[in-house]
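Spelled out from the first residue to the last, the chains are:
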Amino acid sequence: MSYESTAQELVELFASEVERTDGSVGLELNVDEVVEDIRRVANNYSLPADETARTLIGQYIAKSENTEGIPGIETSVEDLRAVFNNNGSAEAVEAFDPQRVSSLDTDNAWVDVVVEVTDLFDDTHNSIHQKGVVADESGTTLVTFWAKSKQESDIPDLEQGETYRIESAKVDEYQGSYNLQINKASEVTPTDAELDIDAEGQSGTFTLTRPIIEVRNGSGLIKRCQEVTGNDNEGEPQTCGRPLNNDRCADHGIVEGEFDLRIKAVMDDGQEGASVIFGTEATESLVGFGIEEAKQRAHDALDTSVVADDIRAEVLGEFVTVEVTDYDERYVVDEVLGVDQEQDLESVGELAGRLTSAFAETKTVEAGAEAGGEAEAEAA
Amino acid sequence: MYTDSNSGSDSEEQSTDQSTDADTEGINPNDRQPAKRVTVAELSDATVREQLGRDERSPKFSLLPTGERANRVLLAGTITEIEELSDQNTRARIAMPGHGDQAIYAYAGQYQPDIATQLDQIGDQFNQGQPAVRVVVIGKPGVYVPETEDGQGDPRVQISNPEAVLEVTEDVWNRHIADIAEDTFERVETMLNGEAPAGQAAADAYGIDEDGLEGYHGTGVAMLNRVFDEGMIEEAMAQGIEADTEADATPAES
């Protein structure tokens, strides 16, 4: 349920169900103010819209009772809530108010969506049950299904290629992107609805073959912050995950980190110099060694930067084919498909030949024009 | 093809960046600029520099004779010489196949210590008898106008700000050579068709005509022939010529 529709419900509820001591009915609420109240309470307490509404019912009644000169209210808060609950369940289907993935813009908001799961990632943290990419007609975003939410609910596993009606997904903002989270309060139902997802937005996934022209700082063996972040309102352990700078986390100060391996590459084909991120598995796939070996090398050299150096020596300049997902500012590698330097000489050669022909023709035309001109001059 | 709107006069040498707020051809100044693949032949002729926008910090571009603007370039060549001009300044001479004598210089100064170190290492390799080292060089071009007794000399294009000097294997290097040739040919073709994003600007600045473009084409072909099997290249070209001839029953318009 969206804030707007919940607010509308509250306004109608108060207009029709609040009985006063003088026999009149109705307490007028300003719908815009109610929307704001819902938004504020929902964010502060991380509650879904209808939970927030139940809280506000009590608040509005209390507020009006404290206002002098207005007839007292006979209807109790419990009665109002009961009516609200009943209305809620009766109108459950109509109250479902799906938003477009591209319009998600509020951290911690509860939203409804109808999306297709276009991608599910293999490599996830223990606290995550499933993580992937979902899409609707407006675009794509990430979805995270927490392990704890799976344990504490009946929510079915997401399947790639399936379309789902998700009620009360939570919006999570991370580095400017608004992603979706499935919590135990979410309702996930497979649906037959067909979404018209365009080819590029389909999975936001495509294949690139380009040379790696830079392995940026922050590549190689890094440490990630393991601090449990207080942000999570479901009480689920969520680790910070930020790369540490000299053991220092931007959020948590000096901490113990856990090792990870990654590459922040620039892959440039002459048309675009893109930022491409290789995660743990993708990096191992590309360079031929993984975290354990990387740790060993760093240990032997007493210096973690040797790993980045080794990576540079291994890949700089090389043409690499990767399957990536587009996250606006950067591409993230889903899979390394190959490293091979074979060129298509036939195609280059043909193009060269076409040009040779084009130049020759130009000369023929010019020569013809000149000859014609000379003939005219002679005739004159 | 573009007609030179400066009809006949020598194009002006530009030793300072001129501001252009005309068409930006979809160049987003906030994006990282891609590295355009160029031959030394073409880059050496790209003496006109422009600045996108009026802000001092707007990206600067070299106007390529083939009708595109390049903030960053990529070359594949061999380093044939390393010279330490001073304590803080190392110069590398970069040659590309099929170019005869023509080469371009890259300079690594105090602000590119990693590159300088790398060039020094390559220099050591030379001293130990290593033949020319295959590299891929990525960087921002600059134009240097030497002062001579008669005033100003000819402007010289150089890589004054190399971002990477990558020593690569033969396979990787060959692939880059093929890429450079391909991109050069594509720009030439687009310029011939009158569709180059900076085509008019290049025509105005350099008086570039079909002969000029044919020159870059020729260098590209020479480069391919030096690096790859000449027979294979010839065969592929023949296919291209045939396809083109068949496609045009009537003479093409220039």
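These notes cover the structure that comes with them. Along each chain, residues carry numbers from 1 onward, in the same order as the chain's sequence is written. In the order they appear in the text, chains get letters beginning with A and ligands get numbers beginning with 1. Given that this is a predicted model, residues contribute local features only at a pLDDT of at least 70 and side-chain atom pairs are listed and counted only at 80 or more, while totals for whole chains, interfaces and linings are drawn from all residues. Only hydrogens and water are removed before side-chain values are computed, so all heavy atoms of the structure are retained for them.

### Some words on the overall build of chain B
- Under the DSSP-based scheme used, a helix requires at least four consecutive residues in state H or I and a strand at least two consecutive residues in state E, with every element numbered from the N terminus. Looking only at helices and strands, chain B has six helices and 12 strands in total.
- The buried share among the 254 residues of chain B stands at 50%.
- In this analysis, two residues are considered to be in contact whenever any of their non-hydrogen atoms come within 4.5 Å of each other. In chain B, the proportion of contacts linking residues at least 24 apart, taken out of those at least 6 apart, comes to 69%.
- Only the protein chains shown count as covering a residue, and every accessible area follows the Shrake-Rupley method with a 1.4 Å probe. Split by element, the accessible area of chain B, about 12,200 Å² in all, is 40% carbon and sulfur. To sort residues, take the accessible area from a 1.4 Å probe on protein chains only and compare it with the maximum for the residue type: under 20% means buried, over 50% means exposed, and anything in between is partly exposed.

### Brief notes about helix α6 (residues 230–247) of chain B
All names here are of chain B.
- Taking 1.5 Å of rise per residue, 18 residues should cover 26 Å, and α6 covers 26 Å from first to last C-alpha, within 8% of that figure.
- Where α6 is concerned, the buried positions are I233, A236, M237, G240 and D244. One face of α6 carries all of its buried residues, which in axial projection span an arc of 100°. When the buried face of α6 is taken as reference, the exposed residues oriented beyond 90 degrees from it are E234, E235, E242 and E246. Helix span is expected to be 1.5 Å times the residue number reduced by one. The directions from the helix axis to the C-beta atoms are what the arc is built from.

### Remarks on unusual backbone geometry
Residue and element names in this part refer to chain A.
- If you check the backbone angles, N108 has positive phi at about 70° while not being a glycine.
- Judged by relative accessible area, which is 23%, N108 ranks as partly exposed.
- Even without being glycine, L302 reaches a positive phi, approximately 60°.
- With respect to the element layout, L302 can be found in the loop between α9 (291–301) and α10 (305–315).
- Take L302: its relative accessible area is 78%, and that puts it in the exposed class.

### Here's the deal with the nonpolar core
- Residues I212, F278, L286, V307 and V322 of chain A together with I79 and F185 of chain B are the most contacted members of the largest nonpolar core, which totals 101 residues.
- Here the element with the most residues in this core is helix α3 (residues 170–192) of chain B; it accounts for 10 residues.
- Excluding residues that lie within four positions of it along the chain, F185 of chain B makes contacts with V348, L351, A352 and L355 of chain A together with H217, G220, V221 and L224 of chain B.
- Counting residues in each nonpolar core, the second largest holds 43 residues, with V11, V35, I73 and V115 of chain A among its members. Throughout this description, the term nonpolar core refers to a set of buried Ala, Val, Leu, Ile, Met, Phe, Trp, Tyr and Cys residues connected via side-chain atoms within 4.5 Å.

So, to be careful, I would describe these as geometric facts and stop short of saying anything about function.
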